[in-house]
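# Summary of the model geometry
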Amino acid sequence: MSTLNVPPNLTSPRQDAIDLYKAFKGFGCDTAAVVKILAHRDAMQRALIQQEYRSMYSEDLTKRLSKELSGKLETAVLLWMHDPAGRDATAVWQAFEVSDLRGATEVICSRTPSQIQVFKQAYHAKFGVHLEQSIHNATTGDHNKILLAYIGIGRYEGPEIDLALVEKDAKALFKAGEKRLGTDENVFIQIFTHRSRAQLAAVAAAYNRIYGTELTKAVKKETSGDFEYALLTILRCAENPAKYFAKVLHKAMKGLGTNDTTLIRVVVTRTEIDMYYIKAEFHKQFGKSLGDWIHSETSGHYRTFLLSLIGTNH
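Report on the accompanying structure. (Residues numbered from 1 in each chain as written. Predicted model: local features only at pLDDT ≥ 70, side-chain atom pairs only at ≥ 80, totals over all residues. Heavy atoms only, no water.)

## A closer look at the overall build of the chain
Here is the rule: Secondary structure elements follow DSSP: runs of H or I of four or more residues count as helices, runs of E of two or more count as strands, with numbering from the N terminus. Atoms counted for the radius of gyration: C-alpha only. Globule rule: 2.2 Å times the number of residues to the power 0.38. Exposure classes here rest on a 1.4 Å probe applied to the protein chains alone. A residue is buried below 20% of its type maximum, exposed above 50%, and partly exposed in between. What makes two residues a contact is simply this: any of their non-hydrogen atoms within 4.5 Å. For accessible areas, the Shrake-Rupley method is used with a probe of radius 1.4 Å. Any residue's cover is judged against the shown protein chains and nothing else.
The helix and strand inventory of the chain stands at 20 helices and zero strands. The C-alpha atoms of the chain give a radius of gyration of 21 Å, which matches the 20 Å a tight globule of 314 residues would have. A principal-axis box enclosing the C-alpha atoms of the chain has dimensions of 70 × 45 × 35 Å. Within the chain, buried positions represent 47% of all 314 residues. Within the chain, contacts between residues at least 6 apart in sequence are counted, and of these 69% link residues at least 24 apart. With the model as given, the accessible surface of the chain reaches about 14,600 Å², and the carbon-plus-sulfur share is 52%.

This is the structure:
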């Protein structure tokens, strides 16, 4: 569910292109005008604005934006200019570029199979390399195995579950982890990458019922590092993706300093997907609105841009 505050009297993509051109002209850029236009346009509108801008001014709008903007605002706006699949592809590419394996893992393991298929195509089209190859180059061991399996398997996306299999999987995970000395990681990889979200959530509930402990706790006890992070991301997104992202955003902002890379990635890539639910979960978990947190952790046009995306009353 999108949270975009679309302005009441919508201008045409052509008019937006003209207004952006005006904002760039002269000494310095009218950044407020740029933010006001782009933060309130959905993926389709942004694509049309880019087409109009190119045909009228023979210039690529994103290239112009990267000349006119800077810092965190530039990063956020440039990511926003892509369609959802292009954003995911770009976010993963950028994360691999700076060896931010957690960032790449978060995007990959929180997406549905159909989202993954589309963004794999976008990844190859944009960067001329297959996502599998990038994963292969950047990761090792069980972390490598789980990411490759996760993007390679088309899982069912519906709500139905196979009850007989649920119990079997819960027992197999217990046997592969807590019951034995050492861990059989392959069993975890197999179940976490082959089961639908509804199925995996049911497995977690059965695990808790049969063994009196949460599957997330078992994962933390039995695995570590980036592999553990991948498993937990898959499991938490199976149970409640909005709650997962609310926690990621909270972690990015709490304490001293803000992890703007994470803040930008999550806000920009989830705004047109499930930001409405993330905001509700954030408030429920932390007793304060996401908008209030962002407002106190950011400033200037960057703050205005993020708040416009999430749709707040600031």
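Moving on from the coordinates now.
## Examining the pattern of salt bridges
Using the following cut-off: In what follows, salt bridge is the name for a side-chain nitrogen of Lys or Arg lying within 4 Å of a carboxyl oxygen of Asp or Glu.
Applying the stated criterion across every chain yields a total of 20 salt bridges. The residue Asp16 makes a salt bridge to Arg41 at a minimum N-O spacing of 2.6 Å. With a gap of 25 residues between them, Asp16 in helix α1 (residues 13-24) and Arg41 in the loop between α2 (31-38) and α3 (43-57) connect regions that are remote in the sequence. Arg41 matches Asp16 in its accessibility class, with the two residues each being buried. Ionic pairing is found between Glu272 and Arg46, a salt bridge with its closest N-O pair at 3.0 Å. Here the residue Glu272 occupies a position in the loop between α17 (260-270) and α18 (275-286), and Arg46 occupies one in helix α3, the gap between them amounting to 226 residues. On the basis of relative accessible area, Glu272 is assigned to the buried category, the value being 19%. On the accessibility criterion, Arg46 (0% relative accessible area) is buried. The structure contains a network of salt bridges with shared partners spanning Glu59, Arg64, Lys67 and Glu68.

## With respect to the environment of Asp19
Considering the arrangement of structural elements, one finds Asp19 in helix α1. Linking Asp19 and Ala164, residues 145 residues apart in sequence, is a C-alpha distance of 60 Å.

## Quick notes on unusual backbone geometry
Despite not being glycine, Ser58 shows a phi value in the positive range, around 45°. Structurally, Ser58 is set in the loop between α3 and α4 (61-68). Relative accessible area serves as the criterion here: at 69%, Ser58 is assigned to the exposed category. One non-glycine residue, Ser99, lies in positive phi territory at about 55°. Following the sequence through the fold, Ser99 ends up in the loop between α6 (84-97) and α7 (101-110). A residue is classified by how much of its surface remains accessible, and Ser99, at 59% relative accessible area, is exposed.

## So, the nonpolar core
Rules: Only buried residues count toward a nonpolar core. Its members are Ala, Val, Leu, Ile, Met, Phe, Trp, Tyr and Cys residues joined through side-chain atoms within 4.5 Å.
The biggest cluster of nonpolar side chains holds 47 residues, and the ones touching the most others in it are Val92, Ile108, Phe119, Phe192 and Leu215. Of all the elements, helix α15 (residues 225-239) adds the most residues to this core, at seven residues. Discounting residues that sit within four places of it in the chain, Ile108 has contacts with Val92, Ile116, Phe119, Ile135, Leu147, Tyr150 and Ile151. Membership of the second largest hydrophobic core comes to 46 residues, among which are Cys29, Ala76, Trp80 and Tyr302.

## Description of the environment of Ile234
Counting through the fold element by element, Ile234 comes out in helix α15. Owing to a relative accessible area of 3%, Ile234 belongs among the buried residues under this scheme. With residues near it in sequence (within four places) discarded, Ile234 still touches Cys109, Ile146, Tyr150, Phe192 and Leu200.

## Thoughts on the packing of aromatic side chains
Under the convention used in this document: Think of it this way: a Phe, Tyr or Trp ring, Trp meaning its six-membered ring, pairs with another when their centres are within 6.5 Å, and the plane angle makes it stacked under 30 degrees, edge-to-face over 60, tilted otherwise. Lysine and arginine charges are scored as sitting over a ring when NZ or CZ, respectively, is within 6 Å of the ring centre and within 35 degrees of the ring normal.
Taken as a whole and assessed by the stated rule, the structure comprises 15 aromatic pairs. Their ring planes at 5° and their centres at 3.9 Å tell us that Tyr21 and Tyr57 sit as a pair that is stacked. In this pair, Tyr21 is assigned in helix α1 and Tyr57 in helix α3, connecting sequence segments 36 residues apart. Seen from their ring centres, Tyr244 and Phe245 are 5.1 Å apart, and the 75° between their planes marks the pair as edge-to-face. The same class applies to Tyr244 as to Phe245, namely buried. Joined through ring pairs, the aromatic side chains of Tyr21, Phe24, Tyr53 and Tyr57 make up one cluster. Sitting over the ring of Trp80, Arg46 keeps its end group 3.7 Å from the ring centre. The ring of Trp293 has Lys288 sitting right over it, with the charged end atom 5.7 Å from the ring centre.

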